[in-house]
Protein chains: 4
Amino acid sequence: MKQEIKPATGRLGVLVVGVGGAVSTTMITGTLASCKGLAKPIGAITQFATMRMENNDEKLIKDVVPLTDLENIVFGGWDIFPENAYEASLYAEVLKEKDLNGVKEELEAIKPMPAAFDHNWAKRLNGTHVKNAATRWDMVEQLRQDIRDFKAANNCDRIVMLWAASTEIYIPMSEEHMSLEALEKAMKANNTEVISPSMCYAYASIAEGAPFVMGAPNLCVDIPAMWEFSKQMNVPISGKDFKSGQTLLKTVLAPMFKTRMLGVSGWFSTNILGNRDGEVLDDPANFKTKEVSKLSVIDTILEPKKFPDLYGDVYHKVRINYYPPRKDNKEAWDNIDIFGWMGYPMEIKVNFLCRDSILAAPIALDLVLFSDLAMRAGMSGIQTWLSFFCKSPMHDGEHESEHDLFTQWRMVKQTLRNMVGEKEPDYLA
Amino acid sequence: MKQEIKPATGRLGVLVVGVGGAVSTTMITGTLASCKGLAKPIGAITQFATMRMENNDEKLIKDVVPLTDLENIVFGGWDIFPENAYEASLYAEVLKEKDLNGVKEELEAIKPMPAAFDHNWAKRLNGTHVKNAATRWDMVEQLRQDIRDFKAANNCDRIVMLWAASTEIYIPMSEEHMSLEALEKAMKANNTEVISPSMCYAYASIAEGAPFVMGAPNLCVDIPAMWEFSKQMNVPISGKDFKSGQTLLKTVLAPMFKTRMLGVSGWFSTNILGNRDGEVLDDPANFKTKEVSKLSVIDTILEPKKFPDLYGDVYHKVRINYYPPRKDNKEAWDNIDIFGWMGYPMEIKVNFLCRDSILAAPIALDLVLFSDLAMRAGMSGIQTWLSFFCKSPMHDGEHESEHDLFTQWRMVKQTLRNMVGEKEPDYLA
Amino acid sequence: MKQEIKPATGRLGVLVVGVGGAVSTTMITGTLASCKGLAKPIGAITQFATMRMENNDEKLIKDVVPLTDLENIVFGGWDIFPENAYEASLYAEVLKEKDLNGVKEELEAIKPMPAAFDHNWAKRLNGTHVKNAATRWDMVEQLRQDIRDFKAANNCDRIVMLWAASTEIYIPMSEEHMSLEALEKAMKANNTEVISPSMCYAYASIAEGAPFVMGAPNLCVDIPAMWEFSKQMNVPISGKDFKSGQTLLKTVLAPMFKTRMLGVSGWFSTNILGNRDGEVLDDPANFKTKEVSKLSVIDTILEPKKFPDLYGDVYHKVRINYYPPRKDNKEAWDNIDIFGWMGYPMEIKVNFLCRDSILAAPIALDLVLFSDLAMRAGMSGIQTWLSFFCKSPMHDGEHESEHDLFTQWRMVKQTLRNMVGEKEPDYLA
Amino acid sequence: MKQEIKPATGRLGVLVVGVGGAVSTTMITGTLASCKGLAKPIGAITQFATMRMENNDEKLIKDVVPLTDLENIVFGGWDIFPENAYEASLYAEVLKEKDLNGVKEELEAIKPMPAAFDHNWAKRLNGTHVKNAATRWDMVEQLRQDIRDFKAANNCDRIVMLWAASTEIYIPMSEEHMSLEALEKAMKANNTEVISPSMCYAYASIAEGAPFVMGAPNLCVDIPAMWEFSKQMNVPISGKDFKSGQTLLKTVLAPMFKTRMLGVSGWFSTNILGNRDGEVLDDPANFKTKEVSKLSVIDTILEPKKFPDLYGDVYHKVRINYYPPRKDNKEAWDNIDIFGWMGYPMEIKVNFLCRDSILAAPIALDLVLFSDLAMRAGMSGIQTWLSFFCKSPMHDGEHESEHDLFTQWRMVKQTLRNMVGEKEPDYLA
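Conventions we followed
Within each chain, residues carry numbers counting from 1 in the order of the written sequence. Chains and ligands are labelled sequentially in the order written, the chains with letters from A and the ligands with numbers from 1. At least 70 in pLDDT is required for a residue's local features to be given in this predicted model, at least 80 for side-chain atom pairs to be given and counted, and no such filter applies to totals for whole chains, interfaces and linings, which use all residues. Only hydrogens and water are removed before side-chain values are computed, so all heavy atoms of the structure are retained for them. Should any heavy atoms of two residues lie within 4.5 Å, those residues are considered in contact. Accessible area, probed at 1.4 Å, shrinks when two parts are joined; the buried area is that loss added up over both. In the sections that follow, a salt bridge refers to a side-chain nitrogen of Lys or Arg positioned within 4 Å of a carboxyl oxygen of Asp or Glu. Helix and strand assignments come from DSSP, with helices taken as H or I runs of at least 4 residues and strands as E runs of at least 2, each series counted from the N terminus. Note on residue classes: Ala, Val, Leu, Ile, Met, Phe, Trp, Tyr, Cys and Pro are nonpolar, Asp, Glu, Lys and Arg are charged, and everything else, Gly too, is polar. DSSP bridges decide pairing: two strands pair if at least two such bridges lie between them. Note on patches: the residues involved have over 30% relative accessible area and no salt bridge, like charges join within 9 Å, and the nonpolar side chains Val, Leu, Ile, Met, Phe, Trp and Tyr join within 5 Å. Residue burial considers only the protein chains on display, and all accessible areas are found by Shrake-Rupley using a 1.4 Å probe. Only four residue types enter the tally: Lys and Arg on the positive side, Asp and Glu on the negative side; His and the chain ends are excluded. A charged residue contributes its charge at one atom only: NZ of Lys, CZ of Arg, CG of Asp or CD of Glu. Whether a residue is buried, partly exposed or exposed follows from its accessible area with a 1.4 Å probe, protein chains only, as a fraction of its type maximum: under 20%, in between, or over 50%, in that order. To count as a disulfide, a pair of cysteine sulfur atoms needs to be within 2.5 Å. Between the N-to-C directions of two axes lies an angle of 0 to 180 degrees, each axis being a line fitted to C-alpha atoms and, for a helix, fitted only over the stretch in contact. Think of it this way: a Phe, Tyr or Trp ring, Trp meaning its six-membered ring, pairs with another when their centres are within 6.5 Å, and the plane angle makes it stacked under 30 degrees, edge-to-face over 60, tilted otherwise. A least-squares superposition brings the copies together, and it is based on the C-alpha atoms of residues with pLDDT no lower than 70 in both. By convention here, the domain bounds are inherited from an automatic or database domain assignment. Two N or O atoms form a polar contact when they lie within 3.5 Å of each other; inside protein one atom must be a possible hydrogen donor and the other a possible acceptor, and for residues adjacent in sequence the pair counts only when both atoms belong to side chains.

Caption draft 1: Looking closely at the interface of chain D and chain C. Contact with chain D, which involves 76 residues of that partner, is made by 76 residues of chain C. For the pair chain D and chain C, the summed buried surface comes to about 6500 Å²; carbon and sulfur atoms form 70% of the total. Counting every contact that joins chain D to chain C gives four salt bridges. In this structure, D:E58 engages C:K306 in a salt bridge whose closest nitrogen and oxygen atoms are separated by 2.9 Å. Of all the elements in the fold, those that place two or more residues in the side of chain D that touches chain C are α1 (22–35), α2 (45–48), α11 (246–259), α14 (308–311), β11 (331–339), β12 (345–353), α15 (356–376) and α16 (405–420) of chain D. The biggest single contributor to the side of chain D that touches chain C is β12(D), with nine residues. When the residues that make up the side of chain D that touches chain C are grouped by side-chain class, the tally is 48 nonpolar, 13 polar and 15 charged. Here strand β12 (residues 345–353) of chain C runs beside β12(D); their pairing, made up of seven bridges, is antiparallel. Directly across from C:E347, in β12(D), lies its bridge partner D:L353.

Encoded structure:
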């Protein structure tokens, strides 16, 4: 049952869409600083987590499967602003200047390529450092050339592409997304209504044999056309929407209520954040995309149909508010109305003073490293085992997403065990 | 591997220590009301939860193993106050009068037997309805007689004893607790310093072949003498300290941090409550017992030795404050200091406006029903699979407790599967 | 300087617009119950508050000025639903049934007159118990007839009209509101775009010589035409928008920051509520009216122009979310970003679990009783001294509103002292 | 009525007890940085606040009365640790290094004199940089010499002494504190049980003609002996206990409830802090002193005797918890149980994430500057008008403290108006 896994030799190019954004620069700075021993990549499963083996020993995951060393990563990418990664980090105001200065030179060397961008898909953004493309197909061609150029210039063995840019506006799935043929046709016909820039990135990535990771809730790779293409090209794809703060909590608290058979009557979630992501989400069309992503988790976990007395009438509302004083320090406030014995009501309020990029950076790194592993292990198409990292995990038409964090975590471990031909240990872990 | 399980025929007598307390009367009222269709026993795993079978079907737990029907339960018990269960419920102010009135007659019929009590073990309590016992051994004898009388008078097939009374003062384990012989000797010698009233109840229960459940954090059954006795008498024992509110949350949030490899630097937990339990815990000697119970969970889950960078320096503080305006509506406020990528700090505040007895009642009922099941399945001694319900799960000297709620839940299901000879399904659930 | 005040003899008719709403029925029930000694009208300044006199004695306000006794009030009003006040109270779910039952008969006797209503001004409401009026002027005429009929039928000496109905949609002031002549012309021309139903109520009230109180943030009496009319008819008018929960807190916390010269960089306020008011405010057009009312307070108190270093850049955001599980138990969560010494930031979070109608009821009663007093004391036009009770206090074009709760409170006391010819005591109080 | 005020010419020496503590170093750094234009002394009334004059003009307070310019202050003091102010600031971890560096040289020049210290009055502290004094009287003599030496060495015209050191253990007032004669006798007799080190500082300060400010809740100047001495020496004394965070909020929220006649049934206040102050308060004997100071405010404001229905049964509990992860970022959580109309309960939770020293620094500076002003204006003894800055304002045996922040603020302004012979303006302000 053991899979053949190619070794992680040579250099891994990580091309980030939105390389100058808060999440990207935080991930890059932390990775570089970790290599120099200046910081610890806390929160990264690939760097810290252990798992129990068949013989009940506990080993670091990175000792179980062959992961790319952080030292062997080369970062690059695209951005709609021309600033290098050092300048962009200062602007993001996530990390302290003294933490940036430890890797200043390395960050300055990371200069974004002009981005494939369409203002209609993110109206609050006005980028200047953008490609000129006649059609979506042309956009794809330019991106493919970028990838090849980067790979050659940096002497990379392998590439992973990561979308860490903004949420695009909401669109429903349409005919053009249902097959690879239809998708390519729409790209060539320059159907800008249904083909988003992120789809061009994903397509280019897959076409170049590079795993693609979608960190935002964009439709992008959640369509049959991309599934087909990734299978055909033997490329893993994963996403979507980093599960960083409020939703992380939800996918832990909802299982708690369920496990204890406590009823839920309402869940009100509000967020305040002041970074560029908050600004984009202040546009209702973009918020819609995020809202759909954030709303799905409760129902899937609570299974109202199976437990109508407990979860048959949950009022779930999610709000995101642009609030500049908070900057990147996203803050969430949740009010949860539950009920117990004989229907008596109780309330839980959770106030999460988090840092958006600090939580997202290790997730981004883990997704990159695990996607690269999956590629080397010959796995293609949707990587459901990476649901653990996602607010709105990818799934095909026949399956439902798994949202429970702990079940997701078991899926990660089981997948890794399968890769190396190990069985689950007797002991529950 | 399938175990022989005796059917749940006939009546089950449930003898509650502290039968007039808030938890007991809430459990009793809800159970009686459920039998009449006036309320739903929400939060009770035995009544609502399902589990996935080998063939991937999902079945109600009560359809998998033979549990006693609620209709077949007869309630009784001891209390230091003479009020019947209806009067006691009114005093507790947990349930609305109209909810009590639906089963008023049944509640009025439940009159407590005089309690085995020693003021030195709960100085804030001044009970009047208490036994006169020359020695601890005499106390035991009287309780055994009570059990036999109740069983006969109510035509019960089986008895389970449940401690739902107050937290006793803290004592360390001593020589007298190390063997059955030493324990009995100390009882006969009336060593009131080391033999608490709860130990007399537990001993009496085991001696009469009745499973014993410890709902408070009392040392009581957490001693080798009781393990020995319960094994010898083929009686299951379980506890301790119902995992109802704040600790429930902890055993879900701590695994979240761990699973995601987020560091923890501090955890401050405070509680305000105004019921009799709060009054008892206002005495530092009694609080100590509770504190020990509440403090253990974090370390066991986070494993600081294995993850020194993440959990090597967690400052954990737990406070309980008697605050009469809150009555039974116990309220918890937690501040958790965590850190992520590159060590950047974040905070989570959780404010749980819960109801102590509403959360504890279904736990009490579940422990009673599962203990009875275990007895009929021939299981004796410490029931580690019931850790799911406990703040400070029992364990012998060789093992450590499992605190992670979801791992505990898997232990429940695995144990039930073993009872009926089922294997775990492939699908993770 | 002492004013001539007519005695409060005879009966006072209180006609409430929205008499079946949560605020009205709560106010009415509490007033009736207080008369029978079944409850206390807590929160009512007119019933409990004291003030210091010139001679430093402290007297109850109701012993300083002649207020109408609660026993002498007769309640009536209009509603878009035909239920009597008892039925409406049950629907509102604010008060416990046993509290309603003490005055059940009296409540049942209060049957609403059909309301003057226009669906376009409150799209989420679908009332059936409404007047048929050809024009706004006809609406006014019908309401005036209602007032006269009620006064005669109930043998009232005086009438006060109170708007305790929903927030109407937002409209800016326009030409039609600038003079009495223009207003009357627009009413006769049936200009339903600029003449709201509430303006018809206010006009009718003033025309009948009855003080008018505006409890919602509707434009209504905040226009020169009404000021002119009220002066001409010698009738006091007051409002607007009961200052009950979140804004009450704001007008206390903002003065605290100001008094201590602490800077403010942001204030985020969110509300969840599930009553009919919340449903109406779920429509953006109606929310706009409320938002304008709620946003004004901060700037007026903090005076950014005078203190640019401290308050020159306050980001203030207010959100109201319809959330049915909360019912009338409106809940507010505020996050306030402040800064102190050397600009260092700090945060305050306030979670107010309030009850909308419980807070609004005594305000409504006080406004009614003080308006009646003002009428008897010969005061007409805008009653700025009643700002104390209002989120968005009325003011003419030349003055600004006072929002600071404690300054408002001093205005109440100073006005009352003036009425009875007393000077301020030396002692600060 | 106008008072003769000596001009603020020459240099003012500010001698701080605990000059290396978090509050002192923060105050000193901010003052020095303000002089250089590197920071703003936000929160300081003396620097920012305005008041309305008789002619309704609004003027900066520092333009109304002659205050010492920040440039003319010379800082010095005592500490039990020998580090200079720069080193001490780094240890305190209140201010960012880059903010300290702007005035590094000036801070390094501030070297503490050895402190008068007695371990029995602060058991958690182990200072090494302490005086050797045979008796309390000898302690006084040494301190007086220190003051004279400092004044001469720094060419100061005037001195103010400020206690910004720890809370001493609780002691009740005793015979030795009742007259100056008794106090001096006890000092000479070296009665270390009733004469605390802080009393020696205060005595020395007064003896040298320097105003004394007590920033902690120590009994110290709250005794008749000191009142007598300060009157005799024509020196103003003020205190006690900086009103910085939680109590500041209380003295604003309690007046809100009172003004609105809302009932209060309970107030639970908890604090977590991790600085040296928190460490000292972890000792019950020292906490007792703080607790008494913090508990007094509610009753004085709410006047339970006058309003038994509303405030006759308030359960007030205050807790302080040492919690190192929080460092100087003291955090308060308050739960307030209130009730309104017909007695219906509501709750307010306030979570104040403050910074102890950032809030205290401007208070300390204001008290110093106003004490110096009072001295020059010929005011001696207890300065009740400075209650505004204190948790537990000083008052003699005949009067009660004023706790309401806004009444206190009016007292400040009225006193300043009296100094310069101005009447209160008509307009309420």
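Caption draft 2: Geometry of a negative patch on the surface. All names here are of chain B. A contiguous patch of negative charge, built from E83, E87, E105 and E108, is present on the exposed surface. Its place among the elements puts E108 in helix α6 (residues 104–108). E108 gets classed as partly exposed once you look at its relative accessible area, which sits at 30%.

Caption draft 3: Summary view of the state of the cysteines. Counting across every chain of the model gives zero disulfides over all chains. A disulfide-free cysteine, C:C220 has its sulfur positioned 9.0 Å from the sulfur of C:C200, the nearest such atom.

Caption draft 4: Representation of the sheet that holds strand β9 (residues 263–273) of chain B in the model. The sheet built from eight strands is open, its strands ordered β10(A)-β9(A)-β11(A)-β12(A)-β12(B)-β11(B)-β9(B)-β10(B) with mixed pairing. The sheet terminates laterally at β10 (315–322) of chain A together with β10 (315–322) of chain B, the two strands that pair on one side only. Averaged over neighbouring strand pairs, the angle between their axes works out to 10° when direction is ignored. Here strand β9 (residues 263–273) of chain A runs beside β10(A); their pairing, made up of eight bridges, is parallel. Bridge pairing in β10(A) links A:G266 to A:Y315.

Caption draft 5: Summary view of the packing of aromatic side chains. Within this structure, the stated rule accounts for 56 aromatic pairs over all chains. Each ring, one from B:W163 and one from B:Y201, has its centre 5.7 Å from the other, and the planes form 70°; the classification is edge-to-face. With B:W163 in strand β6 (residues 158–163) and B:Y201 in helix α9 (residues 197–207), the pair connects residues that are 38 residues apart, well separated along the chain. We note that B:W163, like B:Y201, is buried. An aromatic cluster of three or more residues is present, and its members are A:F268, A:Y315, A:Y323, A:W333, C:F268, C:Y315, C:Y323 and C:W333.

Caption draft 6: Structural view of the relation of the copies chain D and chain C. By a simple turn and slide, chain D fits onto chain C: the slide is 0.0 Å along the axis, the RMSD is 0.0 Å, and the turn is 180°. Read as a symmetry element, the transformation amounts to a two-fold axis. Taking C-alpha positions as the reference, the residue of chain D nearest the rotation axis is D:V350, at 2.3 Å. In this assembly, 100% of the residues forming the interface of chain D have copies in chain C that are likewise at the interface, indicating an isologous arrangement.

Caption draft 7: Fine view of the domain arrangement of chain A. Residues and elements named next belong to chain A. Taken domain by domain, chain A comprises domain 1 (11–242 + 357–420) and domain 2 (245–353). On the side of domain 2, 29 residues touch domain 1, which itself brings 28 residues to the contact. Regarding the contact of domain 1 and domain 2, the summed buried area is about 2400 Å², with carbon and sulfur atoms giving 59% of it. On the domain 1 side of the contact with domain 2, R124, Y170 and K391 bury the most area, a combined 28% of that side's loss. Run the count over domain 1 and domain 2 and you get two salt bridges. One salt bridge in this structure joins R124 and D282, with 3.3 Å as the shortest N-O distance. At the junction of domain 1 and domain 2, the tally comes to ten residue pairs in polar contact (both at pLDDT 80 or more). Where the side of domain 1 that touches domain 2 is concerned, the elements lending two or more residues are α15 (356–376) and α16 (405–419).

Caption draft 8: Fine view of the pairing of strand β11 (residues 331–339) of chain C. All names here are of chain C. Within β11, nine of the nine residues are buried, which leaves the element mostly enclosed by the surrounding structure. Residue alternation in β11 divides its side chains into two sets, E331, W333, N335, D337 and F339 and A332, D334, I336 and I338, and both sets are buried. Alignment of strand β9 (residues 263–273) against β11, held across nine bridges, turns out to be antiparallel. Looking across to β11, one finds that G263 is bridged to F339. Alignment of β11 against β12, held across nine bridges, turns out to be antiparallel. In the strand pairing of β12, D334 is matched with V350. The turn joining β11 and β12, which pair antiparallel and follow one another in sequence, is formed by five residues; a positive phi near 65° is taken by M342.

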